[in-house]
Amino acid sequence: MESNVDATDGETVILNCIDPNASSLHEDNEEIVISTVEVSQWDLSSLAHRPIIKIKANRQRLVQQSSYFHGLLCGSFSESCFDSISIHWDMESLLSMLRFLFGCSLDLTSENFLPLYEAALFFGVEKLLLVCRSWLNYVISEGRIWPPPLHLEDLIHIWEYGRENATDFIPQLTDCLARNFIWMTSCDSFHNVPFELLLSCVKHPCLTVDSEKHLCDSILLWLAANTIPYDLLNSTGDARLEIFTEIRTSLLSLPFAAGKRRCPLFSKFAERSVDAILSLATSSSFSLANILGGGDFSQLRIRLTECTKILDLSGCPQISLPLLLLSMLPFSYSVDTMLTKKLNQLPLKLERFNMDVSRIPWETFPVLTFEAVEVVDVSNCPMLHLEAAIECFSKSFPSLTTLKAAYTSNFRTMKLYQLLQRCPLLSNIDLTVESNPVIPAKVSVISSFPVVKLQISTSSNEETCPAVPTFHFSRRLSNITNLILEGRTDIYDSDLHNIAECCPSLCCINLNVCTSITDSGISVILLKCVGLHSIFACDTFFAHNCVLSLCRDISRFDGVAMKMEKNTNSLAYKLQILHIGGCKAISEITLLELISQLYRVRSLCLRETQLDDNSLYKFSGSSLEMLDVSDTKVSCHAVGHVVRRSPHLKCLIARGCRHLLKEESNILENSPALSYNCPVLYYELGKSCNLEEISLGWGFSFFSLEALRPAIKMLRTFIVGLGGSLGEDGLKLVPTFCPWLETLILYFQVISDSVVRNILETLKNLQVLALCYCFGEISSLSFQFSAPCLRKLKLERVTAQMTNDDLLTLAQNCMNITELSLLGCRRLNSESQDTISNGWPGLISLHLEDCGEVTAKGVTSLMNCQALEDLLLRHNGLGIDKNFIIRAASRMPLLRKVALDVCDAKDGDFDLPDFTDRRFLSIVKIARCNLKRRTLDSMKSGPCTTPVHAETLILTWDSEKLSRTVVKERL
């Protein structure tokens, strides 16, 4: 309410308000006089820019509301008897404060908070100070939804002001930023955060981060932006590095910690981190007391606070059930000797109880509840017993909606019901495992061995547990909408029946490479889950029955509606995503019927199917964003028909389509005038699309690239396969046409050093580069340029002359590579192992084949690549020990795939791991060669022979069995 004090009662004082920051060249110097009587009518937007304003104000109100005016107008100062006083202050904040003093409401924002707070402090307006503090407390309060109305820059300014003026809101600001650390690090101005504030946040007990990796990455990012290059090389002299001691390095993910061993600022901490992780991950008998010597357990406690929404433990082989439980208990229990003993006994009890988690006395562990946790990621955590962890999640995370547990091969799919019962709010589950390479449609099986079932021993002095029941659900329906079971061979038709019964709300299901389920089993899901809009069933037995289920009228049960031209009530009509690549059992007629019903589909994968032009011409949708027709019989015109109907197309994959080349040849023969132009497909793409990914082969040429130019300005992924021919001139244009490329993969293209140098020098965002079986060789000159963004590099049959020195140059300039594949580098020797392990300590995938004598003296330094998940060593020298597979699995806790060749076995063979020795291994491939003479003429000169592939033995483990298969292919 505005003031109603009469300005003519003799108690008026004139305030000569002068803005010390105003320009002396202000256009309008006319004296302006306003009164607090009309305070509600003040136009602040125009008044705030005036350098001088005279204000008639009620003396009594000023004295009552402001200690400054009380002292000035009522004290012994000479101004107390004046009718006019001068005030030098920022005009806008002064006017706003006076409006508040005389009863007007105040609109506080991030822009005016500090000026108003400073004015209230200087003029002693206690009510305004209280309003400012209350507003700040509100906007940074724990219960508010973030991001906050205050920008990070504003919070920094407020903190700096508070530190300089010793205000009492510093703790609240620190608490706020610690709880919202993830938001703070995502802001563009994060590097402007003062070190003292950053350190206070990191030390704060309420620090909330998704993972220790995120915390460490953020600190490194800040230091890199605030440390001069000299300090980067002499990091020991920087006192700010004390902040690293706040990181719980034992809880970093192994790939991250291993990769940071080359980071100048963090190398010593990274070494200690890797040692601690391996100590925890490889300990046969887990003991918290042994690891820490009975000392402080705080460094092993996962950060969980009341504000934690996401818990990311992916890639942490050290995470076990005792360690997880330790983090969920009240801190005081960490020093409880008896409780620590019980934690250490948990793994033994689980083994003794035949992995029956229901027999564990969970009530002895008084876990805390974290209501805010919605997402948990425990992918790649081989030591974590997932079934037991689910019990912990159900007690501590009642709001859990998303569980990511990819590559947890020891989780029995039959226990999926336990997940759904224990965590009723779950809507997203990811149980992906490594895909079995033995896909019936792709390999020729020579022989297979009887399946070996997993046997879990039971102690003789314990009561024998009853057999685990089959997949069973209670009557309570699940909220699951997104279920990913990719690669799981331990899921069967009966499991799909039960999922269909229990999950009526299912919208997306991923069954890619689930080779134990049949066409009939998948069709049951499609029949009963009428809300499905996304289906991933690549490399399965998806066939006729599934198509019938998709095309039937979901509002009827007689199937008659399937004959209609467009059945708007069918599941197929409403599908948004359909991926059935590699499903060769679908006939051309059935595929035609299915495609004719796909009207709303956005993503469609039909690779390696019986797809032809007749089927593709039946497509009538207009929402397509992704299309994969690779290795099919489609032509340019048929694909062009789809492109014309799909203005939103962002991804086209059409490698291996030989008919694209045939179509182009026919066009050129029939119309010589088009010999320097391109087929209709590329013209249509260039005219109507804005692509982000394209993969082409047969028929793709320099002229095709020119036609595509308008469509590939924002391209992120570019793949050219067999049958494509861009030439050097075309490849030199790629960085110009596609400046935002992140992935470039070239097969059978003509390359040179100048081409590769141009790619690496120009494409600053390039993360994946693959040069495979290309014509022309490249040297170390190609990798003289720094490529810090490059993460994946594949050089296959393009660097035959690469030496150890060349490899060292590569490691120095491409130091952040995590996936490396070298094929045909025959001048490399055993010293290159040191270069690889020291140059790329964070490798997760390493493929070396036909690389000289790399393993001739055994596998030594490569064992220091302890974060490896995928390792292939073939034809690199006869020197690999017989027990290599078992030794590698014990030294590399995340190792899932190993591929070797008997040609390299020092003792002629390899020991095969059993269920215990395999650790985290899920796939082992051992190729065998026959030795044949190279030429007929070589018979005269002696026994000169060359290895020729004969067969591959494949061992695959899932949660219940070991399968052994011999196939013809070299996998």
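As the structure is a prediction and not an experimental result, all values here were calculated from the model.

Rules of the game
- Residues numbered from 1 in each chain as written.
- Predicted model: local features only at pLDDT ≥ 70, side-chain atom pairs only at ≥ 80, totals over all residues.
- Heavy atoms only, no water.
- Helix = DSSP H or I, 4+ residues; strand = E, 2+ residues; numbered from the N terminus.
- Buried < 20%, exposed > 50% of the residue type's maximum accessible area, 1.4 Å probe, protein only.
- Contact = heavy atoms within 4.5 Å.
- Areas by Shrake-Rupley, 256 points an atom, 1.4 Å probe, with all protein chains shown as cover.
- Axes fitted to C-alpha atoms, helices over the stretch in contact; angles between N-to-C directions.
- Parallel < 35°, antiparallel > 145°, perpendicular 65-115°, else oblique.
- Left-handed = near helix turned anticlockwise from the far one by under 90°.
- Nonpolar A, V, L, I, M, F, W, Y, C, P; charged D, E, K, R; others polar.
- Pairing = 2+ DSSP bridges.
- Patch = residues over 30% accessible without salt bridge, like charges linked within 9 Å, V, L, I, M, F, W, Y side chains within 5 Å.
- Salt bridge = Lys/Arg side-chain N within 4 Å of Asp/Glu carboxyl O.
- Expected span 1.5 Å × (residues − 1).
- Arc of directions from axis to C-beta.
- Core = buried A, V, L, I, M, F, W, Y, C linked by side-chain atoms within 4.5 Å.
- 1 Å grid on protein atoms, 1.4 Å probe; cavity = no way out; pocket = protein on both sides within 12 Å on 5 of 7 lines; lining within 4 Å.
- Points joined across faces, edges and corners; volume = space filled by probe spheres on them.
- pLDDT = per-residue confidence, 0-100.
- Phe/Tyr/Trp six-rings, centres within 6.5 Å; stacked < 30°, edge-to-face > 60°.
- Disulfide = S-S within 2.5 Å.
- Polar contact = N/O pair within 3.5 Å; in protein donor to acceptor, adjacent residues only side chain to side chain.

## Looking at the overall build of the protein
So, step 1. For the protein, the helix and strand inventory stands at 34 helices and 29 strands.
So, step 2. Here the protein holds 971 residues, and 54% of them are scored as buried.
So, step 3. Within the protein, residue pairs in contact and separated by at least 24 positions form 72% of the contacts whose partners lie at least 6 positions apart.
So, step 4. When the accessible area of the protein is evaluated, it comes to approximately 41300 Å², of which 52% is carbon and sulfur surface.

## Thoughts on helix α4 (residues 91-101)
So, step 1. Where burial is concerned, most of α4 is hidden: 10 out of the 11 residues are buried.
So, step 2. Those residues of α4 that fall on the buried side of the exposure criterion are Met-91, Ser-93, Leu-94, Leu-95, Ser-96, Met-97, Leu-98, Arg-99, Phe-100 and Leu-101.

## Concerning the packing of helix α7 (residues 152-165) against helix α8 (residues 170-179)
So, step 1. For the pair α7 and α8, interaxial distance at closest approach is 9 Å and the crossing angle is 150 degrees. Here α7 is positioned roughly antiparallel relative to α8, judged by the angle of their axes. Our pair here, α7 against α8, has a crossing hand that is left-handed. For the pair α7 and α8, contact is made by Leu-152, Leu-155, Ile-158, Trp-159, Gly-162 and Arg-163 and by Ile-170, Leu-173, Thr-174 and Leu-177, respectively.
So, step 2. Class assignment for the residues of the contact of α7 with α8 results in 7 nonpolar, 2 polar and 1 charged.

## Examining the sheet that holds strand β3 (residues 52-58)
Pairing between sheet strands relies on hydrogen bonds along the backbone, with the strands arranged either parallel or antiparallel.
So, step 1. In space, the 4 strands of this open sheet follow the order β2-β3-β1-β4, with mixed pairing throughout. In this open sheet, the two strands that pair with only one neighbour each are β2 (33-35) and β4 (84-88). Averaged over all adjacent pairs, the angle separating strand axes in this sheet is 25 degrees, with direction ignored.
So, step 2. Contacting β1 (12-18), β2, β3 and β4, α4 runs over the sheet at an angle of about 15 degrees to β3.

## Quick notes on a nonpolar patch on the surface
So, step 1. Taken together, the side chains of Leu-722, Phe-748, Val-750, Tyr-773 and Phe-775 define a hydrophobic patch exposed on the protein surface, amounting to about 440 Å² of accessible area.
So, step 2. The residue Val-750 is located in the loop between β20 (743-747) and α31 (753-762) in this model.

## Observations concerning the pattern of salt bridges
So, step 1. Inspection of the entire model under this criterion finds 29 salt bridges.
So, step 2. Residue Asp-850 pairs with Arg-797 through a salt bridge whose shortest N-O separation is 2.7 Å. You can see Asp-850 sitting in the loop between β24 (845-849) and β25 (870-874) and its partner Arg-797 sitting in the loop between β22 (792-796) and α32 (804-813), a full 53 residues away along the chain.
So, step 3. For Asp-850, a relative accessible area of 15% corresponds to the buried category.
So, step 4. Measuring nitrogen to oxygen at the nearest pair gives 3.7 Å for the salt bridge that ties Lys-897 to Asp-870. Pair noted here: Lys-897 is in strand β26 (residues 897-901) and Asp-870 is in strand β25, with a separation of 27 residues, a long-range link.
So, step 5. On the accessibility criterion, Asp-870 (15% relative accessible area) is buried.

## Brief notes about the packing of helix α26 (residues 636-644) against helix α28 (residues 680-688)
So, step 1. It is at 8 Å that the axes of α26 and α28 come closest, and there the two elements cross at 15 degrees. By the angle between their directions, the pair α26 and α28 is classed as roughly parallel. Along this stretch, α26 crosses α28, giving a crossing that reads as left-handed. In contact with Cys-636, His-637, Val-639, Gly-640, Val-643 and Arg-644 of α26, α28 contributes Val-680, Leu-681, Glu-684, Leu-685 and Ser-688.

## Some details on helix α6 (residues 126-139)
Count 3.6 residues to each turn of an α-helix, and residues three or four apart come out pointing the same way.
So, step 1. Between its first and last C-alpha atoms α6 spans 20 Å; for 14 residues at 1.5 Å apiece the expected length is 20 Å, and the two agree.
So, step 2. For α6, the set of buried residues is Leu-128, Leu-129, Cys-132, Trp-135, Leu-136 and Val-139. Buried residues of α6, viewed axially, fall in a sector of 130 degrees; they line one side. Turned more than 90 degrees off the buried face of α6, the exposed positions are Glu-126, Lys-127, Leu-130 and Tyr-138.
So, step 3. On its buried face, α6 is in contact with α4, α5 (113-123) and α7.

## A word on the nonpolar core
So, step 1. Counting 187 residues, the largest nonpolar core has Phe-542, Leu-685 and Phe-718 as the members making the most contacts within it.
So, step 2. For Phe-718, the contacting residues outside a window of four places in its chain are Ile-694, Phe-700, Leu-705, Leu-726, Val-734, Leu-741, Thr-743, Leu-744 and Ile-745.
So, step 3. Among the nonpolar cores identified, the runner-up in size contains 96 residues, and Cys-104, Val-139, Trp-222 and Leu-254 belong to it.

## Quick look at empty space enclosed by the protein
So, step 1. Tallying each qualifying case throughout the model produces 4 cavities of 30 Å³ or more.
So, step 2. Approximately 150 Å³ is the volume found for the largest cavity.
So, step 3. Contributing to the lining of the largest cavity are 16 residues, with Glu-434, Gly-487, Thr-489, Trp-957 and Asp-958 lying nearest its centre.
So, step 4. Counting residues per element, the ones that place at least two in the lining of the largest cavity are β28 (945-957) and β29 (961-967).
So, step 5. Looking at the lining of the largest cavity residue by residue, the class counts come to 3 nonpolar, 8 polar and 5 charged.

## Examining the pairing of β3
So, step 1. Across 7 bridges, β1 lies against β3 in antiparallel orientation. Within β3, the position partnered with Val-13 by the bridge is Ala-57.

## As for unusual backbone geometry
So, step 1. A positive phi angle, near 60 degrees, is found at Tyr-407, a position not held by glycine.
So, step 2. Tyr-407 gets classed as partly exposed once you look at its relative accessible area, which sits at 26%.
So, step 3. One non-glycine residue with positive phi stands out, namely Glu-608, at about 55 degrees.
So, step 4. Looking at where Glu-608 falls in the secondary structure, it is placed in the loop between β15 (603-605) and α25 (613-617).

## Here's the deal with the confidence of the model for the protein
So, step 1. With 85% of its residues at a pLDDT of 70 or more, the protein shows a mean pLDDT of 86.
So, step 2. Contacts of residues 457-474 to residues separated by more than four positions or lying in other chains number 32 contacts, the stretch itself having pLDDT below 50.
So, step 3. Low confidence marks residues 667-677, where pLDDT is under 50. Its contacts with residues over four positions away, or in another chain, come to 7 contacts.

## Focus: the environment of Asp-904
So, step 1. Here Asp-904 is to be found in the loop between β26 and β27 (923-933).
So, step 2. Once you skip the residues sitting within four places of it in the chain, Asp-904 turns out to touch Thr-855, Leu-873, Arg-874, His-875, Asn-876, Gly-877, Leu-878, Gly-879 and Ile-880.

## Concerning the packing of aromatic side chains
Centre distance and the angle of the planes are the two values used to describe a pair of aromatic rings.
So, step 1. Taken as a whole and judged by the stated rule, the model has 24 aromatic pairs.
So, step 2. Here the aromatic rings of Phe-393 and Phe-397 are separated by 5.7 Å at their centres, their planes lie at 20 degrees, and the arrangement is stacked.
So, step 3. A relative accessible area of 1% places Phe-393 in the buried class.
So, step 4. Look at Phe-397 and you get buried, because its relative accessible area is 1%.
So, step 5. The interplanar angle of 90 degrees and the centroid separation of 6.1 Å between the aromatic rings of Phe-700 and Phe-718 together place this pair among those described as edge-to-face. Taken as a pair, Phe-700 in the loop between β18 (693-696) and α29 (702-708) and Phe-718 in strand β19 (residues 717-720) lie far apart in primary sequence, 18 residues in all. Note on accessibility: Phe-700 and Phe-718 belong to one class, buried.
So, step 6. Put simply, the rings of Tyr-68, Phe-69, Trp-89, Phe-122 and Phe-123 touch in pairs and so form one group of aromatic residues.

## Side note on the environment of Phe-920
So, step 1. Inspection of the secondary structure puts Phe-920 in the loop between β26 and β27.
So, step 2. The contact partners of Phe-920, leaving out residues within four places of it in the chain, are Asn-380, Pro-382, Tyr-407, Ser-409, Pro-893, Leu-894, Leu-895 and Arg-896.

## Observations regarding the side chain of Ser-861
So, step 1. Looking at the secondary structure, you find Ser-861 in the loop between β24 and β25.
So, step 2. When neighbours within four sequence positions are excluded, Ser-861 is seen to be in contact with Gln-833, Asp-834 and Ser-837.

## Quick word on the state of the cysteines
So, step 1. By the definition in use, this model includes 0 disulfides.
So, step 2. Note on Cys-307: no disulfide assigned, nearest cysteine sulfur contributed by Cys-206 at a separation of 6.8 Å.

## Some words on the side chain of Ser-327
So, step 1. Here Ser-327 shows up in helix α16 (residues 321-328).
So, step 2. A distance of 2.7 Å separates the side chain of Ser-327 from the backbone nitrogen of Ile-302, its partner in a polar contact.
So, step 3. Look past the residues within four positions of Ser-327 in its chain and what remains in contact with it is Leu-300, Arg-301, Ile-302, Leu-304 and Phe-370.

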